[in-house]
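Spelled out, the chains give:
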Amino acid sequence: DAKTTQPPSMDCAEGRAANLPCNHSTISGNEYVYWYRQIHSQGPQYIIHGLKNNETNEMASLIITEDRKSSTLILPHATLRDTAVYYCIVRVGNFGNEKLTFGTGTRLTIIP
Amino acid sequence: SAVISQKPSRDICQRGTSLTIQCQVDSQVTMMFWYRQQPGQSLTLIATANQGSEATYESGFVIDKFPISRPNLTFSTLTVSNMSPEDSSIYLCSVLGQQNTEAFFGQGTRLTVV
């Protein structure tokens, strides 16, 4: 299983872009990179995922390097509600056996 | 998206007893999972709940301790058996969406064993 490495914590000023890095140097060619976040006392929330192209949705952007060994989640205009633990996950398995293996995540704190 | 309802949301239990946690989904889903999140820790996958067959357990988790039922495509239960204080955790149900892309999580069951 490909593992991910994330910084344990980060701070970001409110209104600024939050850039959360993730290393996944052992990722396989058909494995996707997923990002979830967990706000205190809630279940994890899906943010975005990608294979090799950059992706953007209403919540965030995902930038994956060309060699796919690392990625960055970008929250363009961070708000206090974005304070959470962010998990970068590589999805393992084939169709019918898709499970998510969570790492330790990055605790992002948005500073007023 | 899928809406997941977990019951109970929290409970305090005596050691040696068992607790069954229910997970109800508002639509039929193929894949359902159970996770444990110990205090201050990340999520650990307990097992995949398979409809019509025995659950698939991850290393370190066994059926006798965490029996799982999956009678249909919208419902599953996880039982925490013969509980000890070390079982105090948040237990989360998760499902894969219709297109097998994103996963959805319930709000979790916060279990305290005394």
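Residues numbered from 1 in each chain as written. Chains lettered and ligands numbered in written order. Predicted model: local features only at pLDDT ≥ 70, side-chain atom pairs only at ≥ 80, totals over all residues. Heavy atoms only, no water.

> Give a detailed account of the overall build of chain A, specifying residues and quantitative values.
Tallying secondary structure elements over chain A gives zero helices and 10 strands in all. When the helices and strands of chain A are read in sequence order from the N terminus, they spell out β-β-β-β-β-β-β-β-β-β. Whereas a compact globule of 112 residues would reach a radius of gyration of roughly 13 Å, chain A reaches 13 Å, a difference of no more than 12%. In chain A, which comprises 112 residues, the proportion classed as buried is 46%. Contacts in chain A between residues far apart in sequence, at least 24 positions, make up 55% of those at least 6 positions apart. (Helix = DSSP H or I, 4+ residues; strand = E, 2+ residues; numbered from the N terminus. Rg over C-alpha atoms; globule rule 2.2 N^0.38 Å. Buried < 20%, exposed > 50% of the residue type's maximum accessible area, 1.4 Å probe, protein only. Contact = heavy atoms within 4.5 Å.)

> I'd love a proper account of the sheet that holds strand S7 (residues 70-75) of chain A, names of residues and values included.
Residues and elements named next belong to chain A. Strands sit in the order S2-S7-S6-S5 across an open sheet of four strands; the sheet is antiparallel. One side of each edge strand has no neighbouring strand; the edge strands of this open sheet are strand S2 (18-23) and strand S5 (55-56). Inspection of the sheet shows strand S6 (residues 61-64) paired to S7 by four bridges, in the antiparallel sense. Bridge pairing links Ile64 to Ser71 in S7. (Pairing = 2+ DSSP bridges.)

> Tell me about the packing of aromatic side chains, residues and numbers included.
Applying the stated criterion across every chain, the model contains 12 aromatic pairs over all chains. Ring centres of Tyr87 of chain A and Phe102 of chain A lie 5.2 Å apart, and the angle between their planes is 85°; on these two criteria the pair is classed as edge-to-face. Of this pair, Tyr87 of chain A sits in strand S8 (residues 84-92) while Phe102 of chain A sits in the loop between strand S9 (99-100) and strand S10 (106-111), and the two are 15 residues apart along the sequence. Ring pairing ties together the aromatic residues Tyr32, Tyr34, Tyr36, Tyr46, Tyr87 and Phe102 of chain A together with Tyr35 and Phe105 of chain B, which thus form one cluster. (Phe/Tyr/Trp six-rings, centres within 6.5 Å; stacked < 30°, edge-to-face > 60°.)

> Describe the environment of Ala18 of chain A, listing the residues and the values that go with them.
Residues and elements named next belong to chain A. For Ala18, the position within the fold is in strand S2. Under the relative-accessibility criterion, Ala18 is labelled buried at 2%. It is 9.8 Å that separates the C-alpha atoms of Ala18 and Thr109, two residues lying 91 residues apart in sequence. In this structure, Ala18 is in contact with Cys12, Leu73, Ile74, Leu75, Ala78 and Leu108, ignoring residues within four places of it in sequence.

> Quick rundown of the pattern of salt bridges? Include the residues and the values.
Enumeration according to the criterion identifies two salt bridges over all chains in this entry. Arg37 of chain A is the partner of Asp82 of chain A in a salt bridge, and the nearest nitrogen-oxygen pair spans 2.8 Å. Here Asp82 of chain A, found in the loop between S7 and S8, pairs with Arg37 of chain A, found in strand S3 (residues 33-38); they are 45 residues apart in sequence, far enough to count as distant. According to the relative accessible area criterion, Asp82 of chain A is buried, its value standing at 12%. One salt bridge in this structure joins Lys65 of chain B and Asp87 of chain B, with 2.7 Å as the shortest N-O distance. In this pair, Lys65 of chain B is assigned in the loop between strand S6 (56-57) and strand S7 (68-72) and Asp87 of chain B in the loop between strand S8 (75-80) and strand S9 (89-96), connecting sequence segments 22 residues apart. (Salt bridge = Lys/Arg side-chain N within 4 Å of Asp/Glu carboxyl O.)

> Report on the state of the cysteines, specifying residues and quantitative values.
Residues and elements named next belong to chain A. Evaluated as defined, the whole model comprises two disulfides over all chains. A disulfide bridge connects Cys22 with Cys88, and the sulfur atoms are separated by 2.1 Å. Judged by the torsion about the S-S bond (-80°), the Cys22/Cys88 disulfide is left-handed. Taken together, the residues span a long stretch of sequence, with Cys22 in strand S2 and Cys88 in strand S8 at a distance of 66 residues. The two residues Cys22 and Cys88 agree in class, both being buried. (Disulfide = S-S within 2.5 Å.)

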